[in-house]
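# Working through the structure, step by step
Chain by chain, the residues:
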Amino acid sequence: MPRMTAADAAVAILRREGVTNAFGLPGAAINPFYAAMRRDGGIRHTLARHVEGASHMAEGYTRARAGNIGVCVGTSGPAGTDMITGLYSASADSIPILCITGQAPVARLHKEDFQAVDIAAVAGPLTKMAMTVLEPAQVPGAFQQAFHLMRSGRPGPVLIDLPFDVQLAEIDFDPETYQPLPAYKPAATRAQIAKALDMLAAAERPIIVAGGGIINADAADLLTEFAELTDTPVVPTLMGWGAMPDDHRLMAGMAGLQTAHRYGNATVLASDFVLGIGNRWANRHTGGLATYTAGRTFVHVDIEPTQIGRVFAPDYGIVSDAGAALRLFVEVARERRGSLPDRTAWVEQCRHRRATMQRRTHFDNVPIKPQRVYEEMNRAFGQQTRYVSTIGLSQIAAAQFLHVYRPRHWINAGQAGPLGWTTPAALGVCVADPDTPVVALSGDYDFQFMIEELAVGAQFNLPYIHVLVNNAYLGLIRQSQRGFDMDYCVQLSFDNVNAPEVGGYGVDHVKVAEGLGCKALRVTEPGEIGPALEEAKKLMAEYRVPVVVEVILERITNISMGTELDNVTEFEDLAERREDAPTAVVALLD
Ligand SMILES: Cc1ncc(C[n+]2csc(CCOP(=O)(O)OP(=O)(O)O)c2C)c(N)n1
Ligand SMILES: [Mg+2]
């Protein structure tokens, strides 16, 4: 039997589980693991500038491609605690990442050793498994179980904590005959799917709410096929956006309190039946449940049994992987072709709402209004673009105005929304798929949170475009403080003694980005946005580094949001003519 250190066995398992990349940074307590990675030579390591950044890179890496599992590595103590936000974000959005930490030697864990923290306990609620491996011979089993759990049921992160002496201990392990454990994915039965289809057929105005589970299951094509077979309009959730292309005739818009379309909300409210697949009835999607559920029948399909009924009791629940359910939905719907109800009138109503209920994007104001930025982005970036964003007015407006055409092309920290996520997540996406153009979108605060990670993009030649919309405000919080009648601790503006040209907007992002080895442009007029985005593409191709396009916005713009699906406040003029929303996918009716 081959003998090797437990760290060597761990790396051998990573390789056999398909891992080719890791994000992290070494420290003394994880050096044996780094030594094993070095000996192996098959794992490409991206050195983060902040350990939290490594954890978000791992998440971006997972999300970019079906089957990927991002790995982040750090030392004991603060490296583990820095990655807690990454574990939270990944678990909240059902994304598998494997977090590996070094630890003090086993015999000293209880002696308040240098940088010894019970990271497994800290990470417990945020992971599917968090384990400090105390026996070297358990290391292979711990890693095997980690991959099994990450891939089974509702996906999510795992943390494995490796004491220094455990990493170095020699064990018997045969990598050649190692075999990943089969993943457990519950599947709907035919009877269940037939019943759900009966309910859908009995409805008059049905919709499908398509959640991120469909993207996790790589089942976007099946969703589109099923929607077409039954002629059912689709309302993607924020996590499901891209599962059906925005220009599909059955795409009915997103619903919710913030990242939603007026027509999406109106269509949910007009519906009498909702088939939710791989979604979790997030509160910013549903708003008040009384409004959301009144007069509607619900079927909920989810891979995790305890999700059924968690937010409200559906009329019928099915425990199933979204892909397995959709395969059967397609099969049974095909068999019923000819006897399914005619939905022409309902589909036309949904489409009419889409063609009449648009928000205005075309403003010529200086300082620039944010809506105009998204209009220019729609023009500049093609259907193959992957967007990465996190939170803020910037992200909310992006979801209202941008267009997404493919699964995994809207990569967003939906539930946790940790400021700073955008830059490292975008870098992880670039590592996973260097051939697809990546466009990140941040507000100025999100951008400043993990700005140092730009250096990683410069060092490892990970080119992408980062659109930075700068209002010198914690804009979303400023807007929510209107309810408290205050504007308190949300200003980011100051007179920068080194950069009078930023006109009181505070941080000189162009200089910082350049200082970190990236390229950067700043625009202040709406007519400059398009040319700057084109210039950014050229710079990116020439220098192979991240390119920041900073757009100086008007300081105060309130973005549409509300408390209920039927109570969303509009702050700006609505589109009345085609020229008001020239990049809308469905042309505005005259
Ligand atoms: C770690 C963390 N702290 C606080 C928040 C709350 N929060 C959400 S958005 C936001 C302000 C974002 O400002 P900016 O990135 O400039 O975007 P804007 O809303 O101005 O477009 C804050 C503080 C958060 N999401 N994450
Ligand atoms: Mg801001």
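Above this text is the structure in question.
Residues numbered from 1 in each chain as written. Chains lettered and ligands numbered in written order. Predicted model: local features only at pLDDT ≥ 70, side-chain atom pairs only at ≥ 80, totals over all residues. Heavy atoms only, no water.

## So, the pairing of strand S2 (residues 21-24)
Put simply, the rule reads: When a residue's accessible area, from a 1.4 Å probe over protein chains only, is under 20% of the maximum for its type it is buried; when over 50% it is exposed; and in between it is partly exposed. Starting at the N terminus, helices and strands are each numbered in turn, a helix being any DSSP run of H or I of at least four residues and a strand any DSSP run of E of at least two. Strands were regarded as paired on the criterion that DSSP finds at least two bridges between them. For the handedness criterion, the strands are oriented away from the viewer, and a crossover whose path from the first strand over the helix to the second runs clockwise is classed as right-handed.
Across the two faces of S2 the burial is the same, with Asn 21 and Phe 23 and Ala 22 and Gly 24 all buried. Inspection of the sheet shows S2 paired to strand S3 (residues 44-47) by four bridges, in the parallel sense. Bridge pairing in S3 links Ala 22 to His 45. Read as a crossover between parallel neighbours, the route from S2 over helix H2 (residues 31-40) to S3 is right-handed. Here S2 pairs with strand S4 (residues 70-74) via two bridges, running parallel. For Phe 23, the partnering residue across the bridge sits in S4 and is Cys 72.

## Describing the site of ligand 1
Heads up, the rule is: In these notes, residues near a molecule or strand are those with any non-hydrogen atom within 4 Å of it. The term polar contact refers here to a pair of N or O atoms within 3.5 Å; inside protein, the definition further demands a hydrogen-donor-capable atom paired with an acceptor-capable atom, and it admits residues adjacent in sequence only when both atoms are side-chain atoms. The Shrake-Rupley method, run with a 1.4 Å probe sphere, supplies the accessible areas, and residue values consider only the shown protein chains as cover. Throughout, the protein atoms alone are placed on a 1 Å grid, and a set of points is a cavity if a 1.4 Å probe fits but cannot get out or a pocket if it is open with protein on both sides within 12 Å along at least five of seven lines; lining residues have an atom within 4 Å of a point. By definition, a pocket or cavity contains a molecule when more than half of the molecule's atoms lie within 2 Å of the pocket's grid points.
Close to ligand 1 lie 17 residues; Leu 393, Asp 444, Asp 446, Gly 475 and Leu 476 are nearest. Here an oxygen atom of ligand 1 and a backbone polar atom of Tyr 473 are 3.0 Å apart. Contact distances for ligand 1 include 2.9 Å between an oxygen atom and a backbone N or O atom of Leu 476. Considered on its own, ligand 1 offers 590 Å² of accessible surface; in the complex 79% of this is hidden by protein. Here ligand 1 occupies the second largest pocket. Contributions of two or more residues to the shell around ligand 1 are made by helix H18 (393-401), helix H20 (444-449) and helix H22 (475-480).

## Quick notes on empty space enclosed by the protein
Defined as follows: Grid points are joined across faces, edges and corners, and a volume is the space filled by probe spheres set on the points. Polarity classes work like this: nonpolar for Ala, Val, Leu, Ile, Met, Phe, Trp, Tyr, Cys and Pro, charged for Asp, Glu, Lys and Arg, and polar for all others, with Gly in that last group.
Inspection of the entire model under this criterion finds six cavities of 30 Å³ or more. Here the largest cavity is characterised by a volume of approximately 240 Å³. As for the largest cavity, its lining consists of 20 residues, of which Tyr 263, Gln 358, Gln 400, His 403 and Ala 584 are closest to the centre. Counting only elements with at least two residues in the lining of the largest cavity, the list comes to helix H12 (262-270) and H18. Here the second largest cavity defines a volume of roughly 140 Å³. Taken together, 13 residues make up the lining of the second largest cavity; nearest its centre are Arg 63, Ile 95, Ile 215, Met 239 and Trp 410. Going through the elements one at a time, helix H10 (212-216) and strand S15 (410-412) are the ones with two or more residues in the lining of the second largest cavity. Taken together, the residues of the lining of the second largest cavity break down into seven nonpolar, three polar and three charged.

## With respect to unusual backbone geometry
Pro 367 follows Val 366 through a cis peptide bond whose omega is -5°. Within the secondary structure layout, Pro 367 lies in the loop between helix H16 (344-356) and helix H17 (370-380). Even without being a glycine, Glu 112 presents a positive backbone phi close to 55°. Along the chain, Glu 112 falls in the loop between strand S5 (97-103) and helix H6 (119-123).

## Points about the coordination of the magnesium ion (ligand 2)
Test applied: The rule for donors is simple: an N, O or S atom within 2.8 Å of the metal counts, and for Na, K and Ca the reach is 3.2 Å. Water is not among the atoms, so a site may look short of donors.
Every protein donor of the magnesium ion (ligand 2) is listed here as Asp 444 (OD), Asn 471 (OD1) and Tyr 473 (O), and their distances to the metal cover 2.1 to 2.2 Å. Read from N- to C-terminus, the donor residues coordinating the magnesium ion (ligand 2) fall into the pattern D-x26-N-x1-Y. Residue Asn 471 is classed as buried on the basis of its relative accessible area, which comes to 11%. A residue is classified by how much of its surface remains accessible, and Tyr 473, at 5% relative accessible area, is buried.

## Things to note about the sheet that holds strand S19 (residues 547-552)
To be explicit about the condition: Axis angles are defined between N-to-C directions and span 0 to 180 degrees, where every axis is a line fitted to C-alpha atoms and, for a helix, only to the segment in contact. By definition, residues are in contact when any of their heavy atoms lie within 4.5 Å.
With parallel pairing, six strands are arranged side by side in an open sheet as S15-S14-S16-S17-S19-S18. Of all the strands in the sheet, the pair left with one neighbour each is S15 and strand S18 (519-523). Within the sheet, the average angular offset between the axes of one strand and its neighbour, ignoring direction, is 20°. Two elements, strand S17 (residues 465-470) and S19, share six bridges in a ladder whose sense is parallel. Within the sheet, the bridge partner assigned to Val 469 lies in S19 and is Val 551. This element, H17, spans strand S14 (386-389), strand S16 (438-443), S17 and S19 of the sheet and lies at about 165° to S17.

## Focus: a nonpolar patch on the surface
Stated precisely, the cut-off is as follows: For patch detection, residues must exceed 30% relative accessible area and be free of salt bridges, and they are connected within 9 Å for like charges or within 5 Å for nonpolar side chains (Val, Leu, Ile, Met, Phe, Trp, Tyr). A pair is scored as a salt bridge if a Lys or Arg side-chain nitrogen falls within 4 Å of a carboxyl oxygen belonging to Asp or Glu.
The grouping of Phe 484, Met 486 and Tyr 488 at the surface amounts to a nonpolar patch, some 370 Å² of accessible area in total. Given the relative accessible area of 63%, Phe 484 is considered exposed.

## A few points about the sheet that holds strand S6 (residues 129-132)
Strands sit in the order S3-S2-S4-S5-S7-S6 across an open sheet of six strands; the sheet is parallel. The sheet is open, and its two edges are formed by S3 and S6, each paired on a single side. The average angle at which neighbouring strand axes cross in this sheet is 20°, direction not considered. Bridge count for S6 against strand S7 (residues 158-163) is four bridges, and the pairing is parallel. Its bridge partner lying in S7, Met 131 is registered against Ile 160.

## Observations regarding the pairing of S14
Of the two faces of S14, the one lined by Arg 386 and Val 388 and the one lined by Tyr 387 and Ser 389 are each fully buried. Sheet analysis places S14 next to S16, joined by four bridges and oriented parallel. What sits directly across from Arg 386, in S16, is Val 438.

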